[in-house]
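# Architecture at a glance
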Amino acid sequence: MEQRQKFKMIRYIGYCFRDILRFTPLMFLGKLAVSLVEGVLAVWQPILIADICELAADLNGINRIDFNRNIFFLCLCIGLPALSSIITRGTTIYNDCKKESCYGWNMFEHAQKVRLEALEDSQILDTFQKADAAYSDEMAGSKMLSNVFMITEATLICISTVFVVGRFSVWLIPGAVVGCIPHLVVTLLSEKRRATVYRTQSGIRRRMQYLWVQFCKKESVKEMRSMGFGRYLKKLWVEANVKTMRDMQEVELRALKLSSLDAIIKNACYAANIAIALFLMLQEKIAVGQFAACLSAFAILQSELMRLGNKIGDFANSYHFVEEYYDFFQTETETDGEKEYQPFEKEIQLRDVHFRYCGSEKDALNGVNLNINKGEHVVIVGVNGSGKTTLSKVLTGSYRASSGTVCYDGQNVDDLRKNSFYRDISLVPQDFVHYNFTLRENISISDLKYMGDEKRLENVVDTMDIKELVQSIGGLDIQLGREFGGRELSGGEWQKVAIARGLFRDSKLIILDEPTSALDPLMEYDILTKFLGLIQGKTSVIISHRVGICRSADKIVVMKEGRVVECGTHEQLQQAGGEYSRIWQEQAKWY
C-alpha cells in the first residue's frame, strides 16, 4: 500500500509538471530563473563579506579595486532579490489569468464524461468539491511547483553554506547539520496530521457550503423567513463550522507544542555554532573577517533551514490538494460506443432492464420490458417512487442499465456514440433549469443552429401559448431572472419555457418528465393536447403522476415498484380495473 502511494505521488507530480509546462510555461521559466538567481546570491553573500573584511583590514591602492568590486557585488546580492520578487509576483498574476485554461478546462472536459448515475453518490460529489477547491481556491499545481523550486533552492543554499563555514573550520559543520533535523521532522509530522483531518472533513465542508447557499438563494430565503426556520439552519451551519474549526484547532495546538521543542533545539545549535566560531577566532584559528562571514553564514543557514522545513511542509500540503485534484480524474466516465447511431424507424425495445442507485438496497428498475413504436405517443404513469424518472434516464442512455438491454431498432444504446445518439433526442427533465439568459436563448439553446430561425421560434411560442408572456416582458430578447436585473417569471411560466425549449429541438424522440407539474390540470391538458398535435410523426414519451393527458395517448404504461404492471390504451386499462383504474378514480375525486 505504501509503495503504491509512492508511485501515485510520483505519477501525480508528473501530471502536475506536464500541465504547467503545457499551459503556463512562462510561470515555470520565471520561477526557475528566480530560484537559481536567489540561490547563487545567498551562497555568494557570506563569501563576499569574508573577502571584504579581509581586504578592509589592509586596504591599499593595489587591493582597492577588488574591495570596490566586492562591495558592488554585495549590493547586487542584497538588491536583486527585490527584483526577483517582482518577477515572482508577475508570474503569479500570469498564472491566475491562465489557470482556468489549464486546471478549470481539464476539469470541465472530464466532468462532461462522468457517468451521470455516479453523481447520485455522495462520495463522488465530495471528490468534485475537493477538486474544485484544489484548483480554484488553493491553486495547488502552481503552489507545488513554487515549493519544489524553493525546496531545491533552500537545500542548495544550506549545503553550500555548510561548506562555506566548513572551509573555515570542520568543527562548525556538525552543529549546522543537526539544527535542521528536528524542524524537518516536526514540519512533516504536523502537515501529515493536517492533511488527514482535512480529508475526513470533506463531507461536512460540503454540507457547510450547502447550508451557506441556502442563505443566499431567494427561494430558500423566502421560505425560511415565512416558515421561521432560519435560526435552525443557522444553528446547523454554526455547528458544522465549529466542529471543523475544533478539529483543526486540535491539530494546530499539537503542532505548536512540537514547534516549541524544535525552536529550543534549533536555537541551541545556533548559539553553539556562534560560540565555536568565537572560540576559534580567539584561538586565532580563523580571522576576524572569517568570523564575520561565519555570523552571516549562520544567519543565512538558520533562515534557510526554517524556510526549508516550512517549504517541505507547504509542499506536502500542496501535494495533498494536487492529489485531490487528480483523484477527480479517476472518477469513472462513460464508455462511449463505437457505432454511429441510425435514427430508429421501427421501435425502441427494453428487455429485462434493471437499475440500482449507488448505496441503495433495492433496484429502482426491476426487470422492465417495454416496446415503444415509432410515432407513438406514450404516457408513463405511476405513484411517486415507482421508477418513472429512472426509466426516462435509462431510456435515453443518461443512466446505464445495471443489466438488460435498451435497443433502438436493434442498436444497443451501450454500443452507440453518445453524441450521435443524443442528437436525435429532446428531453425536458423534471428538475429543468431556469437559465438567467434572454427568453430567446432560454428556448433556442436546445438547438443552436436554429437560434436565428424566427419562424420556428414563433411556432413554438404559439404552441406553448406564451405570446402574451412575450409581449408583457417586452420581447424575446429581454433578460430573464432577477439575479442579473432581468424579469422574473412564475413557476408555471418557467415550466412553459422549459417545454418550449424541448419542443424547439429538431429531434425524432422527445421525452417530457413531469412537464406540467406547476400548471393547473386544465392548462396542462390544453398545452399537452396542442403539443401532441404539433409533434405528429415524432415519437413522444410523457412521464406524469397525473392521468389527465392519458386519454390522448396511444399507449399508457403503468409502473409500480420499478416494474411495468400494465400497458394499453385508456379504455383498455379502465376496463381492466387494475392499478391505472385505481389511480384514475383516486385523482377524479379531486376534480
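Predicted model only: the values in this text are computed from it and were never measured. (Residues numbered from 1 in each chain as written. Predicted model: local features only at pLDDT ≥ 70, side-chain atom pairs only at ≥ 80, totals over all residues. Heavy atoms only, no water.)

## Description of the layout of surface pockets
Considered as a void within the structure, the largest pocket measures approximately 1,600 Å³ in volume. If you trace the largest pocket, you find 38 residues lining it, with Gln112, Leu116, Ser398, Tyr422 and Leu427 closest to the centre. Contributions of two or more residues to the lining of the largest pocket are made by helix H4 (122–136), helix H12 (388–395), helix H13 (418–422), strand S6 (425–428) and helix H17 (491–504). Among the elements that line the lining of the largest pocket, the one with the most residues is S6, at 4 residues. Its residues assigned to classes, the lining of the largest pocket comprises 17 nonpolar, 10 polar and 11 charged. (1 Å grid on protein atoms, 1.4 Å probe; cavity = no way out; pocket = protein on both sides within 12 Å on 5 of 7 lines; lining within 4 Å. Points joined across faces, edges and corners; volume = space filled by probe spheres on them. Helix = DSSP H or I, 4+ residues; strand = E, 2+ residues; numbered from the N terminus. Nonpolar A, V, L, I, M, F, W, Y, C, P; charged D, E, K, R; others polar.)

## A short note on the sheet that holds strand S10 (residues 563–568)
Spatially, 6 strands are ordered S6-S7-S8-S3-S9-S10 in an open sheet, and the strand pairing comes out mixed. Here the strands that pair on one side only, and so sit at the sheet edges, are S6 and S10. Between one strand axis and the next, the sheet turns by 15° as a mean value, whatever way the strands run. The pairing of strand S7 (residues 509–513) with strand S8 (residues 539–544) spans 5 bridges and is classified as parallel. (Pairing = 2+ DSSP bridges. Axes fitted to C-alpha atoms, helices over the stretch in contact; angles between N-to-C directions.)

## As for the packing of helix H8 (residues 202–214) against helix H10 (residues 230–282)
Following both chains from N to C, one finds H8 and H10 inclined at 145°, their axes separated by 9 Å at the closest point. The handedness of the crossing between H8 and H10 comes out as left-handed. Residues Ile204, Arg205, Arg207, Met208, Leu211, Trp212 and Gln214 of H8 form the contact with H10, whose own contacting residues are Leu233, Leu236, Trp237, Ala240, Asn241, Lys243, Thr244 and Met248. Along the lines of polarity and charge, the residues of the contact of H8 with H10 split into 9 nonpolar, 3 polar and 3 charged. (Left-handed = near helix turned anticlockwise from the far one by under 90°. Contact = heavy atoms within 4.5 Å.)

## Things to note about the packing of aromatic side chains
One pass over the structure, following the stated rule, counts 20 aromatic pairs. Taking the centre distance of 5.5 Å and the plane angle of 40° together, the rings of Trp212 and Trp237 count as tilted. Highlighted residues: Trp212 in helix H8 and Trp237 in helix H10, separated in sequence by 25 residues. According to the relative accessible area criterion, Trp212 is partly exposed, its value standing at 48%. Seen in terms of ring centroids, Phe421 and Tyr422 are 6.0 Å apart; in terms of plane orientation they differ by 40°. Their pairing is tilted. Put simply, the rings of Tyr12, Tyr15, Phe128, Tyr325, Tyr326, Phe328 and Phe329 pair up and form one aromatic cluster. Against the face of Tyr450 rests Arg456, its NZ or CZ located 4.2 Å from the ring centre. (Phe/Tyr/Trp six-rings, centres within 6.5 Å; stacked < 30°, edge-to-face > 60°. Buried < 20%, exposed > 50% of the residue type's maximum accessible area, 1.4 Å probe, protein only. Lys NZ or Arg CZ within 6 Å of the ring centre and 35° of its normal.)

Such coordinate-based values are descriptive only and should not be taken to indicate function.
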